[in-house]
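Tertiary structure, described
What follows is each chain in one-letter form.
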Amino acid sequence: MALSGLDIYKILPKTNCKECGFVTCLAFAMQLAKKGVEAGKCPYLSEEAGNILADAGRPPINLVSIGSGEGCLKVGNETVLFRHEEKFRNPCGIGFIIDDVLPEEQIKRTASRLGGVSFERVGQILKPDVIAVRQSSNSAEKFAAAVKAAVDASGLNPVLMPSDASGLRAALEAVKGAAPLIYRVTKDNIREFMPLAAQARVPAAVYGDTLEEQAELVKELNGGGVAQILLDTGEQEPRERIWRLTQWRRQALKKNNRLLGYPAVTVLKGKDPYSVAVEAAGDICKYAGLILLEVSEAEETLALLTLRQNIYSDPQKPLQIEPKVYTIGNAGKESPVLITTNFSLTYFTVLGEVESSKVPSYIVSVDTEGMSVLTAWAAEKFTPEKITDSLQKFGVSGLVGHNRLIIPGYVAMMSGNLEEKSGWEVVVGPKEASGLPAFLKNLS
Ligand code: SF4
């Protein structure tokens, strides 16, 4: 838990010797609390104070990696209960469960389809993160083969759901080096699973019936050399699941409970696709670090990927694109010039409609600090002066052989002023981007 300047001051030597570069210990403490200076700058810090500061510097919720290489999933390291307090940092993972009793060809086909789910939204590629294989067979070899087939075919990060230690041992060997998540350690299997997890140095999910049991198991795992842990809610009804997720987050952030300072995993299965989607949406908002879904079609997750992107964006910093002039299609001297803002959602909505019109065009994205058209206009970030500056800065007059601009219909009121300031003829476009295809096709 973060310490205040006064908390830190209490454990400093209080000699005001100035060797740290600050006039007083209090001034040093205040800077340390703001993370503006390193604790090591004070040469007289006691060992106990050093340990307290190091502990306070650790994130309240540990960062956990699942998988290896650049595409590995990192979850945790969260610092706030509510998104508007700062932001949620590491988007929760979303993945699929496949059963090992399916024929191997079907596992490969399904895994390949699931791994191929990917789409672009406001300039970002959205895709699932993990593939989980559940052992329902009695054969460790069959389970290991299914894990290998699913991971190879999907390219996703692996999650192992073994039924016993022999299955876990075989699966760990099958995907050696891929840093899979072990799902899951319980009081019944901890003696067998813990050494395997520690030896392979892989993360493990842990489930306890109660908060206390969960904390005890985490303590035992830490003592046994397993540092990367996810807390499993178990297959609970939504109310109980959300209660657990919320309690863990509160315990970690508000009570500095290190044993519950880990990201959480939830598993949703055996329900109709709509129920799965609704419950998973709740888990994304209320604090899951990883969600494993049993879905029949990968497309059922598309809405969840979109929601995740929204929840994990910075509420104080809208998604922005680079302010510049974008060339759409084979635009030339006679192509229309459209003006919009650099808010990603606005730009990509306009882009989609311009592309579907098949009219080669230029889109000038004005720097409005990521605000949408009307918000930016109200905040005086989308003004005739700013648009004129952008036209000059981006050299738009050199791209076309005309001097006609199209502005969004919602800011029609600035057209006269913009004509005066820029010297361009202003044409008022539709209010909604969806009107652009017809508008562009009818432009004479
Ligand atoms: S070096 Fe340490 S003891 Fe000296 S003023 Fe700075 S904080 Fe205080």
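Residues numbered from 1 in each chain as written. Predicted model: local features only at pLDDT ≥ 70, side-chain atom pairs only at ≥ 80, totals over all residues.

1. Comments concerning the overall build of the chain
Test applied: Think of it this way: any DSSP run of H or I at least four residues long counts as a helix, any run of E at least two long counts as a strand, and we number them from the N terminus. Around each residue's C-beta, the other C-beta atoms within 10 Å are counted; 20 or more make the residue buried, 12 or fewer make it exposed, and counts in between make it partly exposed. All C-beta atoms are placed from the backbone. Contact definition: two residues whose C-beta atoms, as placed from backbone geometry, lie within 7 Å.
Looking only at helices and strands, one finds 16 helices and 17 strands in the chain. Projected onto the principal axes, the alpha-carbon positions of the chain cover approximately 75 × 75 × 35 Å. Counting every position in the chain, which comprises 444 residues, the buried fraction comes to 40%. Of the contacts formed within the chain by residues at least 6 apart in sequence, a portion of 65% connects residues at least 24 apart.

2. Examining helix α11 (residues 302-311)
Put simply, the rule reads: An arc is given here, and it is the one of the directions from the helix axis to the C-beta atoms.
Buried within α11 we find L304, L305 and R308. The buried residues of α11 all sit within an arc of 100° when viewed along its axis, so they share a single face. Check the buried side of α11 and you find it contacts β3 (93-99), β5 (124-126) and α10 (273-285).

3. Considerations on the nonpolar core
Put simply, the rule is: A set of buried residues drawn from Ala, Val, Leu, Ile, Met, Phe, Trp, Tyr and Cys, joined through C-beta atoms within 7 Å, is what defines a nonpolar core.
Counting 81 residues, the largest nonpolar core has I131, V147, A150, I182 and A204 as its most contacted members. The dominant element in this core, judged by the number of residues it contributes, is helix α5 (residues 140-154), at nine residues. In contact with I182, not counting residues within four places along its chain, are L160, L168, F193, A197, V202, A204 and A205. Judged by nonpolar contacts, the second largest core, of 31 residues, contains L338, I339, F343 and F439.

4. Notes on the site of the ligand
Using the following cut-off: Near, as applied to residues and a molecule or strand, means the residue's backbone-placed C-beta atom lies within 6 Å of it. Charged residues are taken to be Asp, Glu, Lys and Arg, nonpolar residues to be Ala, Val, Leu, Ile, Met, Phe, Trp, Tyr, Cys and Pro, and polar residues to be all remaining types, Gly included.
What surrounds the ligand is a group of 13 residues, the closest being C17, C20, C25, F28 and C42. Its residues placed into classes, the shell around the ligand shows nine nonpolar, two polar and two charged.

5. Things to note about the sheet that holds strand β6 (residues 130-134)
Rule in force here: Two strands are said to pair when DSSP picks up at least two bridges between them. Only the stretch in contact is used when a helix axis is fitted, and all axes are lines through C-alpha atoms; the angle between N-to-C directions ranges over 0 to 180 degrees.
In space, the eight strands of this closed barrel follow the order β3-β6-β7-β8-β9-β10-β11-β12, with parallel pairing throughout. Strand-to-strand twist across the sheet, computed as the mean angle between neighbouring axes with direction ignored, equals 30°. Sheet contacts for α5: β3, β6 and β7 (157-161); angle to β6, the most-contacted strand, approximately 160°.

6. Some points on unusual backbone geometry
Of the consecutive residues Y183 and R184, the connecting peptide bond is found in the cis state with omega at 10°. By the element assignment, R184 lies in strand β8 (residues 181-185). For V122, which is not glycine, the phi dihedral falls at a positive 40°. Of note, V122 is situated in the loop between β4 (119-121) and β5.

7. Some words on the sheet that holds strand β13 (residues 325-328)
Taken together, five strands build an open sheet; the order of strands is β13-β15-β14-β16-β17 and the sheet is mixed. A single partner strand is all that each edge strand has here, and the edge strands are β13 and β17 (425-428). Going across the sheet, the axis of each strand differs from the next one's by a mean of 30°, ignoring polarity. Direction of pairing for strand β16 (residues 404-407) relative to β17: parallel, over a ladder of four bridges. When the bridges of β17 are listed, R404 appears paired with E425. On the sheet, helix α12 (residues 344-357) packs against β13, β14 (337-341) and β15 (361-366) and is oriented at approximately 155° with respect to β14. Contacts between helix α14 (residues 384-393) and the sheet are confined to β14 and β15, with β15 contributing the most and set at about 125° to the helix.

8. Comments concerning the packing of α10 against α11
Test applied: For classification purposes, angles smaller than 35 degrees are called roughly parallel, those larger than 145 roughly antiparallel, those between 65 and 115 roughly perpendicular, and all remaining angles oblique. Working rule for handedness: look at the near helix, and if it is turned counterclockwise from the far one by less than a right angle, call the crossing left-handed; if clockwise, right-handed.
Close contact between α10 and α11 brings their axes to 10 Å; oriented N to C, the two are set at 15°. As the angle between them shows, α10 and α11 are arranged roughly parallel. At the point where α10 passes α11, the crossing takes the right-handed sense. Facing A277, A280, A281, I284 and C285 of α10, the residues of α11 in contact are A303, L304, L307, R308 and I311.

9. Concerning the packing of α5 against helix α6 (residues 165-174)
α6 packs onto α5 with a crossing angle of 35° between their chain directions and a minimal axis gap of 8 Å. Handedness of the crossing formed by α5 with α6: right-handed. Here A140, E141, F143, A144, V147 and K148 of α5 lie close against α6, whose contacting residues are S166, G167, A170, A171, E173 and A174. Taken together, the residues of the contact of α5 with α6 break down into seven nonpolar, two polar and three charged.

10. Observations concerning the environment of M413
With respect to the helices, strands and loops of the structure, M413 is situated in the loop between β16 and α15 (415-422). Looking at M413, the number of C-beta atoms within 10 Å reads 10, which means it is exposed. Measuring from C-alpha to C-alpha, the distance between M413 and V428 comes to 9.4 Å, with 15 residues separating the pair along the chain.

11. Comments concerning the environment of S154
One can find S154 in helix α5. A residue is classified by how many C-beta atoms lie within 10 Å of it, and S154, with 25 of them, is buried.

12. Comments concerning the pairing of β7
Threshold: By convention a crossover is right-handed if, when the strands point away from the viewer, the path from the first strand over the helix to the second runs clockwise.
By the criterion of burial, β7 is predominantly enclosed, with five of the five residues buried. Side chains of β7 alternate between two faces, with N157, V159 and M161 and P158 and L160 buried alike. Of the crossover connections in this fold, the one passing from β6 over α5 to the parallel β7 is right-handed. Where β7 meets β8, two bridges bridge the pair, whose relative direction is parallel. Opposite V159, over in β8, you have L181 as the bridge partner.

13. Structural notes on the environment of L405
Tracing the sequence through the fold places L405 in strand β16. Residue L405 is classed as buried on the basis of its 25 C-beta neighbours within 10 Å. With near-sequence residues (within four places) excluded, L405 lies in contact with V337, I339, W424, V426 and V427.

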